[in-house]
Each structure stands twice: as structure tokens, then as C-alpha cells.
Amino acid sequence: MSIKVAFIGHSFSQRRQSYLLNELAKYYLVYALVPNWSEKLKYKGTPKEMLINEKEVKFNVIWHRGIFNDKPLIRFYPLVLFSISKIKPKVVVLNLYHSLMGILVGIYCRITRKRFIVISALNPTIKYKRIERLILRILYLIPDFVVVLTNKMKIKLIEELKVNENKIFIIPESGYYIKNNIKKNDTITFLYAGRHVYEKGLFHLIVAFKKLIDKGYKVKLILCGEGKITNSLKKFSEENGLKKFVDFKGYVKEEELKKYFEISDVIVYPSIKIKNWEEQFGYSVLEGMSNGLAAIVTDCGSLPELVGNAGIIVPQKDVEKLAEAMEYLVRDREKLNEYKKMSLERAKKFSLENVAEKWRNLIELASRR
């Protein structure tokens, strides 16, 4: 009989995660305890276009409408525990562990002797107070295994929270399909896709891009996404005479974003570390690399770990170095194409198949215990 695995968490209702669960459903009886995708309900923080389409789902899904009905949380928690007891999974995987929900599910799994895996979302930049560290150390005694996205997160758990190194597994997120080849465009286009907030370094990107325009290079910059600084970015761009060269696309749906990946050459992510935040992974960078774009990123958080030697890494807030990296790829088409190929090769490490295999190894290990 196939092993039953229950995945619990909001993020599993997103399309990227659903691809992973569908892949795992080839080997296990996969249950997802996630929000309902009803037209009448909104998934907070995630545009509906990013949610899974009912036709794409191949695994068993239990929908919890209570998340959106403004019911007291105390009525929602028992619903989740009841669902687990009804499914009787061998392994339970919980995303976003640090909540009352996580504690209750963890204690339930301990009592019922179910294998419990948590996906930790601890921010490596946060400095915990003594009482917070104590609570988190106790909390991390409950799960059998802990999954983190990057080595930096693993180090945080080991050094600050004293989590047993042997129970920590690095498994990045995926859901991306890797292109087979690169595309060579006539005009070099730089692309940014993500939130428009200060810590993403977009003002620095525009200043660096202007240096290329001032030198006479025929280049273009596309900014997808929106946020609280979008209007300021547009005004700043126009004041610097870049209206014809910087294209603000606003929020774009997944299918439309694919079009911009197709016409772009370089994904640029000049993020800046601020208090209690730095890049924990870099999903848009990985998506760009998966589509055959060369990558230029700053040394912020886990971005260097993500791109490895396949991209160009520059210091944060260093406009000169950022402009030099951009100019380097514009001047040398051969080197640009070389970086594109390296992006594709690097992205294979994070392919859906490879990430699913890592999850399979962990689930098999957990089920044998």
C-alpha cells in the first residue's frame, strides 16, 4: 500500500507548489490541506492567477474554507487536526511552523507517533532575544526532520537554536521547468520581476542602467511588478531621461511573464539587506535562470548561494560595480551567451525532478523510522 503523506499550509495552494505535489503523487497518496480556490474567496497575499487550477490537481485535496470566513482561529485548528486523524497519514509535512497551528500539529503527531516534517521559514537576519531563543529551541525538539531552503538557514538553526544537524535537510523550492536552449535577441534587455520596495535596490538599478544609456548602448530595462515605490521609480526614471528605455509593466500574470522572459537576456536582482530582512532564496532569479537568462545579483542573503558561479555577484548599493557588470554583458555577446548557458545548467539543480527526488528521499527516510 502506498504511503500517505499530508501537506499542510497556505503555500501548497500555489501553482509552483502544486507541481511538486503532483510529482510526488506519482509515488505516494498525497493529501493537501490547503485553502479553497473558490472565485468568491481571496487568498491573502497571493493573486488568484498564482493559485492552482482545479484541472491541474492530481492529488487528493481537502479544502478548509474556514481560513477565509473570518471564523475564530480556535474553530479552524480542530478542523485541521480532525482531517489528519481522518486521513491517517504516515508522514505529515507542515509549512510555516512558527504558529499555534504548528505547535498543535506537532504535539498531535508526537502523541499519535506520526512522522513530522516541518519547513522552516526562519529569517536568518533576525536576532532573537533570550526567551525567544529558548521557546524556539523547545519548539524544534518536536519535529523529526526540518527542511530549509538554503545553507544559511541551516547554519542559523544549528548555531542559534541548537537544532541537531542530522535532522536538517536543505531542499529548495522549485516548480520550474528548465528550457532546453537559450535565445539570442538583437537588443539586450534587462529584466526585474518582483515587488517594488526599497530593499530590492531598484533605484540603484535605474542609476546603473542610465550609465549604459549615457554611453550610447542600445539596451532596454523591463520592470515587472508593483509596490509602494512604483510611482517614485517612474518619476525618477523620467527625471533621468529614461522614459523611452525603462518599461514599467505593472503586475503581470504568469503567461504574460513568460513572454518577458522570452524577450529578455539578463535577470537583475540588486537587493539590499535591511533590518530583519534579506533575500532568503530568490524565486524570480531562479525563474529567470530556468528560462535561460544570465543573472546579475547582489551579495544579499542567499542570492550568491542560489546563482553560485553561474552568475555575476556585485556588492550591495554599489552602483558602479552593478553598471560594470551590466556593461560587461552588453559589450561581450559571447560572454553573455556563456552566462545564459551556465544559468540553465545551474537551474537544473533546482529542477522539479531534482527537488522532488530530495523530498522522496526524506519521506522514505521518515517513513522507515
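Just above sits the structure.
Parameters and conventions
Residues numbered from 1 in each chain as written. Predicted model: local features only at pLDDT ≥ 70, side-chain atom pairs only at ≥ 80, totals over all residues. Heavy atoms only, no water. Helix = DSSP H or I, 4+ residues; strand = E, 2+ residues; numbered from the N terminus. Buried < 20%, exposed > 50% of the residue type's maximum accessible area, 1.4 Å probe, protein only. Contact = heavy atoms within 4.5 Å. Axes fitted to C-alpha atoms, helices over the stretch in contact; angles between N-to-C directions. Parallel < 35°, antiparallel > 145°, perpendicular 65-115°, else oblique. Left-handed = near helix turned anticlockwise from the far one by under 90°. Core = buried A, V, L, I, M, F, W, Y, C linked by side-chain atoms within 4.5 Å. Pairing = 2+ DSSP bridges. 1 Å grid on protein atoms, 1.4 Å probe; cavity = no way out; pocket = protein on both sides within 12 Å on 5 of 7 lines; lining within 4 Å. Points joined across faces, edges and corners; volume = space filled by probe spheres on them. Nonpolar A, V, L, I, M, F, W, Y, C, P; charged D, E, K, R; others polar. Right-handed = clockwise from strand over helix to strand, strands pointing away.

### Comments concerning the overall build of the chain
- Helices and strands together make up the secondary structure of the chain, namely 13 helices and 13 strands.
- Burial status across the chain gives 54% buried among its 369 residues.

### A short note on the environment of V297
- As for its position among the elements, V297 is in strand β12 (residues 294-298).
- For the pair V297 and Y269, spaced 28 residues apart in the sequence, the C-alpha separation amounts to 4.7 Å.
- For V297, the residues in contact, after removing those within four places along its chain, are Y269, V285, L303, V307, I312, I313 and V314.

### What about the packing of helix α6 (residues 202-214) against helix α11 (residues 319-331)?
- Where α6 contacts α11, the two axes come as close as 9 Å, and the packing angle between them is 50°. The pairing of α6 with α11 is recorded here as oblique in orientation. Crossing angle aside, the handedness with which α6 passes α11 is right-handed. The residues of α11 that touch α6, namely those facing H204, L205, V207, A208, F209, K211 and L212, are V319, E320, L322, A323, M326, E327 and V330.

### Topic: the nonpolar core
- By size, the foremost hydrophobic cluster in this structure holds 87 residues, and its most contacted members are V105, F190 and I296.
- Those residues in contact with F190 that lie beyond four places of it in its chain are F209, L212, V219, K220, L221, I222, V266, V268, I296, M326 and V330.
- With 24 residues, the next largest nonpolar core counts Y19, L24, Y28 and A356 among its residues.

### Observations concerning the sheet that holds strand β8 (residues 188-193)
- Strand order in this open sheet of six strands is β10-β9-β8-β11-β12-β13, and the pairing throughout is parallel. The outermost strands of the open sheet, each flanked by one partner alone, are β10 (246-250) and β13 (312-314). Each neighbouring strand pair of the sheet contributes to a mean axis angle of 20°, computed without reference to strand direction.
- Inspection of the sheet shows β8 paired to strand β11 (residues 266-269) by two bridges, in the parallel sense. Bridging from a neighbouring strand, F190 pairs with V266 of β11.

### Quick word on empty space enclosed by the protein
- Tallying each qualifying case throughout the model produces three cavities of 30 Å³ or more.
- Here the largest cavity defines a volume of roughly 90 Å³.
- Residue lining of the largest cavity: F7, F12, Q17, L20, I119, V147, L149, I171, P172, E173 and W359, and that is the complete set.
- Class assignment of the residues belonging to the lining of the largest cavity gives a composition of nine nonpolar, one polar and one charged.
- What the second largest cavity holds in volume is close to 40 Å³.
- Considering the residues around the second largest cavity, the lining is formed by H204, P270, T298, P315, Q316, K317, D318, V319 and L322.
- The class makeup of the residues in the lining of the second largest cavity is four nonpolar, three polar and two charged.

### What to know about the pairing of β8
- In terms of residue burial, β8 counts as a mostly covered element, since six of its six residues are buried.
- As paired strands, β8 and strand β9 (residues 219-224) are joined by six bridges and run parallel to one another. Note that in β9 the partner of L191 across the bridge is I222.
- Handedness of the β8-α6-β9 crossover: right-handed.

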